[in-house]
Amino acid sequence: MKEKINKNNNKKSESTSDQKLQINNKPSDNANGSKPDIVDTYKEILDNHEQRKTRRGNVGAILVCIIIFLFVCFNIYLVEFEKHEMKMIKETQGKIADDLQAKLNKVKTEIAKKNKDSSNIISFNDQYLKIRQDFYLGIKEISEEVNNSKVNSLDDIKQLTSERIMLAKTYKSQMNSLNVPGVLNNFYKYEIEFLDSDIKLWNIVDSYYGLEDFSKFDLSKIDDENQKSRELYLKAQEELKSVYNKYELDYFLKDLLIK
């Protein structure tokens with residue numbers, strides 16, 4: 001009986017030993033690689049983290065490079081833009097300077113010309129004043145003779161008419177001998193036209209007084225020519241005033257203008 005019990009106990013011991021041996025001899029997961037243990041899992045997590053970190057680092061580096069590239073391009077653009085702006089400013093300033101210089105030269109030329117014209121007008125004025133005053137002084141003397149009743153006959157009237165014609169012819173001849181400045185050409189033209197009309201007027205008057213029958217004469221001829229002569233006289237006088245005022249020589253007009 002005891003032997004049976006011992007045999008059974010021995011069998012159980014062997015069975016237990018075999019089970020422990022089987023457990024101890026069971027292949028591990030690391031050996032077969034079927035399932036990572038906690039260390040491998042942690043290592044894999046670290047590897048993934050490093051990869052993500054590397055990728056983020058690469059992306060960050062790329063972004064930094066792009067930003068630096070854009071910054072450099074922007075700086076180059078600013079430099080080129082500033083160069084272009086400076087070039088445009090210099091060109092504009094140069095054009096303004098050229099325009100100002102051209103205007104200054106024009107002003108200088110105009111001043112020089114004006115001074116020359118002013119000098120020529122003054123020289124002309126000294127000669128012209130004398131013959132003009134002589135002409136109108138002669139007209140005044142004839143008018144005074146008529147007004148003072150010194151005319152007693154038709155012959156006296158004809159004599160005064162002849163003198164009046166001679167005054168105008170002498171004045172015209174003297175005008176033609178003057179050195180007239182270019183700025184006074186219009187005045188000279190109107191003045192000569194006035195004298196021609198004046199001479200014609202008094203020739204018509206002289207013809208009238210030479211008639212035996214005054215009723216046969218058309219007096220409108222005298223009126224028409226007298227109106228024309230007066231208009232030309234005023235036109236010449238206005239032109240003279242305009243030129244003298246333009247060159248600031250109006251001081252000389254007080255002796256020239258006949259009221």
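All of the points below concern the structure found in this document. (Residues numbered from 1 in each chain as written. Predicted model: local features only at pLDDT ≥ 70, side-chain atom pairs only at ≥ 80, totals over all residues. Heavy atoms only, no water.)

A few words on a negative patch on the surface. Taken together, E141, E144, E145, D155, D156 and E163 make up a surface patch of like negative charges. Secondary structure elements with two or more residues in the negative patch: α3 (38-147) and α4 (154-176). Relative to the helices and strands, D156 resides in helix α4. (Patch = residues over 30% accessible without salt bridge, like charges linked within 9 Å, V, L, I, M, F, W, Y side chains within 5 Å. Areas by Shrake-Rupley, 256 points an atom, 1.4 Å probe, with all protein chains shown as cover. Salt bridge = Lys/Arg side-chain N within 4 Å of Asp/Glu carboxyl O. Lys, Arg positive; Asp, Glu negative; His and termini not counted. Charge placed at Lys NZ, Arg CZ, Asp CG, Glu CD. Helix = DSSP H or I, 4+ residues; strand = E, 2+ residues; numbered from the N terminus.)

Moving on, we come to the packing of aromatic side chains. Under the counting rule described, the total for this entry stands at nine aromatic pairs. With 5.6 Å between their ring centres and 80° between their planes, Y251 and F252 make a pair best called edge-to-face. Ring-pair connections join several aromatic residues into one group, and the members of that group are F135, Y136, Y171, F194 and Y233. Its end group placed over the ring of Y251, K254 keeps NZ or CZ at 4.9 Å from the ring centre. (Phe/Tyr/Trp six-rings, centres within 6.5 Å; stacked < 30°, edge-to-face > 60°. Lys NZ or Arg CZ within 6 Å of the ring centre and 35° of its normal.)

All right, on to the pattern of salt bridges then. Across all of its chains, the model carries eight salt bridges by this definition. Of the charged contacts, one joins K189 and E193 as a salt bridge, the two residues approaching to 3.2 Å between their closest N and O atoms. Here the residue K189 and the residue E193 both occupy positions in helix α5 (residues 185-209), the gap between them amounting to four residues, near one helical turn. The exposure class assigned to K189 is partly exposed, which follows from its relative accessible area of 43%. Of the residues examined, E193 reaches a relative accessible area of 31% and is grouped as partly exposed. Salt-bridge contacts for K254 lead to D255; the nearest nitrogen and oxygen are separated by 3.4 Å. When its relative accessible area of 52% is taken as the criterion, K254 is described as exposed. (Buried < 20%, exposed > 50% of the residue type's maximum accessible area, 1.4 Å probe, protein only.)

The phi dihedral of E248 is positive, around 55°, even though this residue is not glycine. In this structure, E248 sits in the loop between α6 (220-246) and α7 (253-256).

What follows deals with the side chain of E225. By the element assignment, E225 lies in helix α6. Residue E225 is classed as buried on the basis of its relative accessible area of 8%.

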